[in-house]
Structure formats: C-alpha cells, structure tokens
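Notes for the structure review
For reference, the chains in residue letters:
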Amino acid sequence: MSLFELFPMLIGGFVGMMAALGALWVMSGNAVREYPQTVLSLPPQNDVDAKIAAWAAQNGYRLQADQGDGEVHYHKGKGWLTSSTALIWQPITERLLIREEVNFLVTRRAFAIDAPILLGKPVRARKIKAINTLLQQLSVPPLQIKRKGR
C-alpha cells in the first residue's frame, strides 16, 4: 500500500477521532450543567468517619491532603485520559458528595456519578455498585444511574 493510498485513511481516522472527542466533550458539558454532583444526606449516626475511611481503604480510594474546608476528600483513579471518582464527606452538614471526573488532557470535567449520560456508563455502574455497599452500611438508599428526564 502506497503512502498516497494510506493518507486518506489517516485523515479519515483523525477526523473520526476528533468527532468522537467532540461528542464526549458536549455530553460531559451537559452533565456538568445538569448534574454537577451526587449529594446524599446521611442520617445522624456514630462512626461515620471510620466507616467511610474503612470502605475507602478497602476499595482503593486515597485520602487527599486536608484542604482546610472541613471536608474529607477521597479520590480513586489517576484520571489521565480516563475518569476518576471523588468522594467528599462533609461532617458538619452530614452530607456525602460523589463526583465522576473526566480528564480531557487540557481540562477536567466533574459531574454526578449517577448522571443519565452515556459517557462511561458501564464503568460508573460498577463504581456505583461498590459505593452502594458503603451506603448500605450508612443506612442510605442505594444509588442507581438516573433516567433522563427524572
């Protein structure tokens, strides 16, 4: 195969890749606007910090450095050309925030892990299954990926 024959295929592949990245960019932008993060209110109980810390350690979440905001941040995944998950415990308000973060190399976009978008849906479903084990320990109803329009 000559370079002359190969060139249109390379251009076509590049155009297709750019179109796919553009579609992912638009999808994630809609999710950021419509579903910024999953917010769960926890019922008052003892040892929430310990339960979350134990679950996070068991499931590969890393405790992030104290950011001075009174929140406890856990993170899983590097998120380089993939997605990572942020779990933020707010002890003062007894809320748990969960975000999926997608890295587009030049910027990151964070949205609710249960957002009803196609972007990373099978991966997010597996992550939600693991998170639901924590929610069960905390007496919170399980999460599931939302349906569009609900």
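The text that follows walks through the structure, step by step, so that each part is easy to find. Just so you know, these numbers come straight off a predicted model, no measurement behind them.

What counts as what
Per-chain numbering applies: the sequence of each chain, read as written, is numbered from 1 onward. Given that the model is predicted, a residue must reach a pLDDT of at least 70 before its local features are reported, and side-chain atom pairs must reach 80 or more before they are shown or counted; all residues, however, enter totals for whole chains, interfaces and linings. Processing note: side-chain calculations cover all non-hydrogen atoms of the structure and skip hydrogens and water entirely. Starting at the N terminus, helices and strands are each numbered in turn, a helix being any DSSP run of H or I of at least four residues and a strand any DSSP run of E of at least two. Within these notes, the globule rule equals 2.2 Å times the number of residues to the 0.38 power, and the radius of gyration is based on C-alpha atoms. Each residue gets one of three labels from its accessible area relative to the maximum for its type: buried under 20%, exposed over 50%, partly exposed in between, using a 1.4 Å probe on protein chains only. Aromatic pairs are defined between Phe, Tyr and Trp rings, using the six-membered ring for Trp, whenever the two ring centres lie within 6.5 Å; interplanar angles under 30 degrees are classed as stacked, those over 60 as edge-to-face, and all others as tilted. In our convention, an over-ring charge means Lys NZ or Arg CZ found within 6 Å of a ring centre and within 35 degrees of that ring's normal. What counts as a salt bridge is simple: a side-chain nitrogen of Lys or Arg found within 4 Å of a carboxyl oxygen of Asp or Glu. Note on pairing: two strands pair once DSSP finds at least 2 bridges between them.

Our focus in this paragraph is the overall build of the protein chain. Looking only at helices and strands, the protein chain has three helices and six strands in total. Going from the N terminus to the C terminus, the protein chain shows its helices and strands as α-β-α-β-β-β-β-β-α. Relative to its length of 150 residues, the protein chain is extended, with a C-alpha radius of gyration of 19 Å against a globular reference of 15 Å. If you line up the protein chain on its principal axes, its C-alpha atoms span 70 × 35 × 25 Å.

Bringing unusual backbone geometry into the picture now. Phi is positive for aspartate 47, which is not a glycine, with a value near 60°. Locating aspartate 47 in the fold gives a position in the loop between strand E1 (38–41) and helix H2 (48–58). Positioned with a positive phi, glutamate 94 is a non-glycine residue whose angle comes to about 55°. Judged by its relative accessible area of 29%, glutamate 94 falls in the partly exposed class.

Let us look at the packing of aromatic side chains. Applying the stated rule across the entire model yields one aromatic pair. Aromatic pair tryptophan 55 and tyrosine 61: ring centres 5.0 Å apart, planes at 40°, arrangement tilted. We note that tryptophan 55, like tyrosine 61, is buried. Above the ring of tryptophan 25, the side-chain terminus of arginine 109 is found at 3.5 Å from the ring centroid.

For isoleucine 117, the position within the fold is in the loop between strand E6 (108–112) and helix H3 (121–137). Isoleucine 117 sits in the buried class, given a relative accessible area of 8%. Isoleucine 117 sits 30 residues away from arginine 147 along the chain, and the two C-alpha atoms are 8.7 Å apart.

Applying the stated criterion across every chain, the model contains four salt bridges. Between aspartate 114 and lysine 146 there is a salt bridge whose closest N-O contact spans 3.8 Å. Taken together, the residues span a long stretch of sequence, with aspartate 114 in the loop between E6 and H3 and lysine 146 in the segment after H3 at a distance of 32 residues. Taking the relative accessible area as the measure of exposure, aspartate 114 reaches 5% and is therefore buried. The exposure class assigned to lysine 146 is partly exposed, which follows from its relative accessible area of 35%. Through salt bridges with shared partners, a single ionic network connects Arg99, Glu101 and Arg108.

Here glycine 16 is to be found in helix H1 (residues 3–34). Sequence separation between glycine 16 and leucine 96 is 80 residues; the distance between their C-alpha atoms is 39 Å.

Burial analysis of strand E5 (residues 95–103) places seven of its nine residues in the buried class, which makes it a mostly covered element. Both strand E4 (residues 83–90) and E5 contribute to a ladder of eight bridges, which runs antiparallel. Its bridge partner being in E5, tryptophan 89 is matched across the sheet by leucine 96. Where E5 lies against E6, five bridges are found, and the strand directions are antiparallel. Bridging across to E6, valine 102 finds its partner in arginine 109. Here E5 hands over to E6 after four residues, with leucine 105 in that stretch at a positive phi of 70°.

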